[in-house]
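Observations on the three-dimensional arrangement
Here is what each chain is made of, one letter per residue.
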Amino acid sequence: AAVSPALIDEAAERLMGRRDTHLDSLLERLKEPRVRGVIEPVMTGGGGEIDRLGDDFEYVKDLGLVKVTLGTISPANPIYATVIARTLTSSSGARTATSGSDATNTARPPRI
């Protein structure tokens, strides 16, 4: 049977609920400006703006958070895509709420 987006969401939800060590580590890494500087453009479709020769990109790639397939940068796997999208959306909402702006981030995981 094929893995559906609903199954990926369900798996991500369960993993996030269990707070597995590797997902806790991922969530902590997403707080780092150099990681966010790479991940945010990937998740919003601006991956072409990333300096692929830069230290930040190499760092994020070495962490196993992203992969490059046929020249396209994407999250390393569907679970990471879901967790990253939810984290960026919720943290963006928190920043927006504290700044008084009513703009929202519509980051969604790319289709994999």
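Remember, it's a predicted structure, so these values are computed and weren't measured experimentally.

1. Some remarks on helix α3 (residues 33-43)
The set of residues buried in α3 consists of V35, R36, V38, I39, P41, V42 and M43. Just beyond α3, the residue with positive phi is G45, at close to 90°.

2. Considering the pattern of salt bridges
Opposite charge on two side chains allows them to pair when their charged atoms are near. Summed over all chains, the structure comprises five salt bridges. Its salt-bridge partner being E28, residue K31 comes within 3.0 Å of it at the nearest N-O pair. Relative accessible area serves as the criterion here: at 46%, E28 is assigned to the partly exposed category. Between R29 and E32 there is a salt bridge whose closest N-O contact spans 3.0 Å. By relative accessible area, which is 29% here, R29 ends up partly exposed.

3. Quick word on the confidence of the model for the chain
For the chain, per-residue confidence averages 77 on the pLDDT scale, and 72% of positions sit at 70 or higher. Ranking the helices and strands of the chain by mean pLDDT puts helix α4 (residues 55-62) first, with 95, and helix α5 (residues 78-99) last, with 69. The low-confidence segment residues 94-112, where pLDDT is below 50, has 26 contacts with residues more than four positions distant or belonging to other chains.

Thresholds, definitions, all that
- Residues numbered from 1 in each chain as written.
- Predicted model: local features only at pLDDT ≥ 70, side-chain atom pairs only at ≥ 80, totals over all residues.
- Heavy atoms only, no water.
- Buried < 20%, exposed > 50% of the residue type's maximum accessible area, 1.4 Å probe, protein only.
- Helix = DSSP H or I, 4+ residues; strand = E, 2+ residues; numbered from the N terminus.
- Salt bridge = Lys/Arg side-chain N within 4 Å of Asp/Glu carboxyl O.
- pLDDT = per-residue confidence, 0-100.
- Contact = heavy atoms within 4.5 Å.

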